[in-house]
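# Per-entry structural report
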Amino acid sequence: AITSSFKLGWHPRLRGVFVFFRFALFDVDVMQPNCIMPWSFQQSFFLQLVLPVVLGLVFFVRPLGYYVRQQSKLRLPWDELDDKKFHQPLNHAVASMCSTILTCYPSLITVLLASLSCEEDASGDAFLVAAPNLKCWSAQHTQLLVCAGVGLPAAILLPVGMAFTLLRNLRRDTLYTESTLQRFGFLYRNYDAEFLYWESVYMGKVLVLVAIQVFLQAAPVLQMFTALMVHLLALTAQAFACPYVSKLVDLQECMMLCLVCVFTASGMLFHAPEVTQTTQDGLSV
């Protein structure tokens, strides 16, 4: 999905398929209501930030509703509440919210980084690349920068926080308790013990790919080559580490990364004229 957003000359027939990729990332720009109301980058920005929080809070309706009812009647302590009606649904709600945030992570990083990417026009004025009608350092852009100043560090540190949480539970010997498995088990139960942090590595790769997508838009060939190097590095790490418990899953992951490398490299086929020109420029230099 990230690679399909690169500014390459993709065939028009592929763009319909790319829409499904963006749906998988909960990209709000897929559903732009331009026919109903004006839609701008600012609206996409704020909606993309709010979306995972809203979706995540939906999962807490059931346990919190039970908690409020019980407190209004019996005022029971937290640890005496019914396990099946409160604690387990609460654990599942935490897992669902974390999973939703991870699913939206590429789209979140994209809008946050896009708010930082400006370029100058012929007159020397700087405008946002993602919104050419929005002047950089204007009042509207400053609002985006303030939000990005809060959200971007949190999003960048999220993989580190995930690894720290797992390491802390490992040291406390609570990593495989029922409560921790219900909340965070989806992050590590499929990995070998020495690779519990692998999901954080994956998110780090996503962060690098999104940065390549946002900041190298003006150089699509360099964008493609850099992303291809990242995919090849990920493939090499996967082949040597084999982090999954199931060796079949390790093999499937290697095959998928190979397909991603082929897909990324195929973007060059749709950009052949520019490659030729770049090559000629390089030889002339």
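Bear in mind the structure is a predicted one, so any value in this text is a computation, not a measurement.

### Some points on the overall build of the protein
Counting its secondary structure elements, the protein contains 10 helices and two strands. What you see in the protein, going N to C, is helices and strands ordered as α-α-α-α-β-β-α-α-α-α-α-α. Partitioning the contacts of the protein with sequence separation of at least 6, the portion at a separation of at least 24 is 61%.

### Brief notes about the state of the cysteines
All chains considered together, the criterion is met by one disulfide. In this structure C254 is not part of a disulfide, and its nearest cysteine sulfur, from C242, lies 6.0 Å away.

### So, the nonpolar core
Grouped together as the largest cluster of nonpolar side chains are 40 residues, with contacts concentrated most on F41, Y105, I109, L128, Y188 and V210. Among the secondary structure elements, those contributing two or more residues to this core are α2 (41-58), α4 (83-114), α5 (139-171), α6 (178-188), α7 (198-215) and α8 (220-241). Ignoring sequence-local partners within four residues, the contact set of Y105 consists of A155, I156, L158, P159, M203, V206 and L207.

### Notes on the side chain of Q182
Within the secondary structure, Q182 is located in helix α6. Among the residues examined, Q182 registers a relative accessible area of 16% and is labelled buried. One polar contact links Q182 to N91, side chain to side chain, over a distance of 2.8 Å. Each residue touching Q182, except ones within four places of it in the same chain, is listed here: Q88, N91, H92 and A95.

### Considerations on the environment of A239
Looking at the secondary structure, you find A239 in helix α8. Classification of A239 as partly exposed rests on a relative accessible area of 42%. Linking A239 and E253, residues 14 residues apart in sequence, is a C-alpha distance of 8.9 Å.

### Examining the pattern of salt bridges
Under the definition given, this model contains two salt bridges. With a shortest N-O distance of 3.9 Å, K247 and D192 are connected by a salt bridge. A residue pair is termed long-range when its members are at least 10 positions apart, and K247 in helix α9 (residues 247-266) and D192 in the loop between α6 and α7 qualify at 55 residues. For D192, a relative accessible area of 18% puts it in the buried group. D250 serves as the salt-bridge partner of K247, at 3.8 Å between the closest nitrogen and oxygen. With K247 and D250 both in helix α9 and three residues apart, this pair spans about one turn of that helix.

### A few points about the packing of α5 against α7
At a minimum axis separation of 9 Å, α5 and α7 run at an interaxial angle of 175°. In this view, α5 runs roughly antiparallel relative to α7, as classed from their interaxial angle. Of the residues in α7, those in contact with I156, L158, P159, M162 and A163 of α5 are E199, S200, M203 and L207. Of the residues in the contact of α5 with α7, the class split is seven nonpolar, one polar and one charged.

### Remarks on the packing of aromatic side chains
Enumeration over the complete set of coordinates arrives at seven aromatic pairs. Judged by centre distance (5.8 Å) and plane angle (85°), the rings of Y176 and Y188 are edge-to-face. A residue pair is termed long-range when its members are at least 10 positions apart, and Y176 in the loop between α5 and α6 and Y188 in helix α6 qualify at 12 residues. Given a relative accessible area of 0%, Y188 falls into the buried group.

### Comments concerning the side chain of T264
Mapped onto the secondary structure, T264 falls in helix α9. In this structure the side chain of T264 is engaged in a polar contact, spanning 2.8 Å, whose partner is the backbone oxygen of V260. Not counting residues within four places of it along the chain, the set of residues in contact with T264 comprises T3, M224, A227, L228 and H231.

Definitions and cut-offs
Numbering of residues starts from 1 in each chain and follows the order in which that chain's sequence is written. Totals for whole chains, interfaces and linings use every residue, but because this is a predicted model, local features are given only for residues with pLDDT of at least 70 and side-chain atom pairs only at 80 or more, for both listing and counting. To get the side-chain values, all heavy atoms of the structure are used, and hydrogens and water are removed first. Under the DSSP-based scheme used, a helix requires at least four consecutive residues in state H or I and a strand at least two consecutive residues in state E, with every element numbered from the N terminus. In what follows, a contact means two residues having at least one pair of non-hydrogen atoms within 4.5 Å. To count as a disulfide, a pair of cysteine sulfur atoms needs to be within 2.5 Å. In these notes, a set of buried Ala, Val, Leu, Ile, Met, Phe, Trp, Tyr and Cys residues joined through side-chain atoms within 4.5 Å is what counts as a nonpolar core. For every residue, the accessible area (1.4 Å probe, protein chains only) is compared with the maximum for its type, and the residue is labelled buried under 20%, exposed over 50%, or partly exposed between those bounds. The term polar contact refers here to a pair of N or O atoms within 3.5 Å; inside protein, the definition further demands a hydrogen-donor-capable atom paired with an acceptor-capable atom, and it admits residues adjacent in sequence only when both atoms are side-chain atoms. Salt bridge criterion: a side-chain nitrogen from Lys or Arg within 4 Å of a carboxyl oxygen from Asp or Glu. To get an axis, a line is fitted to the C-alpha atoms, and for a helix only the part in contact is used. The angle between two axes follows their N-to-C directions and goes from 0 to 180 degrees. Every angle not falling under 35 degrees, over 145, or within 65 to 115 is termed oblique; those three ranges are roughly parallel, roughly antiparallel and roughly perpendicular. Polarity classes work like this: nonpolar for Ala, Val, Leu, Ile, Met, Phe, Trp, Tyr, Cys and Pro, charged for Asp, Glu, Lys and Arg, and polar for all others, with Gly in that last group. When the centres of two rings from Phe, Tyr and Trp lie within 6.5 Å, Trp using its six-membered ring, the rings pair. Their planes under 30 degrees apart give stacked, over 60 give edge-to-face, and anything left gives tilted.

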